[in-house]
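Working through the structure, step by step
Chain residues, written in single-letter form:
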Amino acid sequence: MKGTATIDETSTGAGAQALDFDALVLEAQPGLLRLARRLVWDAEEARDLVQSSLADAYEKRRALKDPRAAVGWLRRILVSRATSHLRRRRVWGVLREALDLAPTPVPSPEAHVEGTERWRALGRALRALPARQATAFSLRYLEGLDLDAIAEAMGLSRGTVRIHLYRALQKLKAADALEGDAP
């Protein structure tokens, strides 16, 4: 695939820039993997999400109008995939409980965060949050994005992001997952 991912969009738009997809992947993949781990709290699932997101991005690369916005575009694809994944996982967990099957195995955060009890508690509390609240919290407080970047990544308005952040913080504080160091 090396050398095949350079796209020259000059034929479709005057003055458009070329996107080197291989270079973009090399630049963005570590950050995407870190974000995916923080969204799903499972290293294997995170790698799968990043790979499928990059595959989606490669297929849709011609839709990207501004190559300078490529990293944010990739982040948005990943957040969308992770949100869908979290919804499916939560629905399956509810179905398993309703059918009285064995409980869903809890992913271990020790694989990517050297297993302190505080991080495990935060991971459990984040998994208990609705997908949008968990995503907004992770993007803001674990990835350090500002509200505008979060709104763009999630495809929501800034005000809606603030509501999701507020509700996530309230639930995490109630669960004692933010012991004394609330963001």
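Presented here is an overview of the structure given in this document. Note that this is a predicted model, so its numbers are computed, not measured. (Residues numbered from 1 in each chain as written. Predicted model: local features only at pLDDT ≥ 70, side-chain atom pairs only at ≥ 80, totals over all residues. Heavy atoms only, no water.)

**Focus: the pattern of salt bridges**
- In this structure the tally under the stated criterion is six salt bridges.
- For E143, the salt bridge is made with R34, and the minimal N-O distance between the two is 3.6 Å. Of this pair, E143 sits in the loop between α5 (131–142) and α6 (147–154) while R34 sits in helix α1 (residues 21–40), placing them 109 residues apart in sequence.
- What makes R34 partly exposed here is its relative accessible area of 41%.
- For D148, the salt bridge is made with R158, and the minimal N-O distance between the two is 3.1 Å. With D148 in helix α6 and R158 in helix α7 (residues 158–174), this pair connects stretches of sequence that are 10 residues apart.
- Each of R34, R38 and E143 takes part in salt bridges that share partners, so that together they form one network. (Salt bridge = Lys/Arg side-chain N within 4 Å of Asp/Glu carboxyl O. Helix = DSSP H or I, 4+ residues; strand = E, 2+ residues; numbered from the N terminus. Buried < 20%, exposed > 50% of the residue type's maximum accessible area, 1.4 Å probe, protein only.)

**Notes on the nonpolar core**
- Within the largest apolar cluster, 38 residues are counted, with the highest numbers of intra-cluster contacts made by L74 and L139.
- The element best represented in this core is α1, accounting for 10 residues.
- Non-local contacts of L74, meaning those with residues more than four positions away in its chain, are made with L24, A28, L32, L54 and A57.
- By size, the runner-up hydrophobic cluster in this structure holds 13 residues, among which are L126, L142, A177 and L178. (Core = buried A, V, L, I, M, F, W, Y, C linked by side-chain atoms within 4.5 Å. Contact = heavy atoms within 4.5 Å.)

Everything listed is a geometric property; what it means functionally is a separate question.
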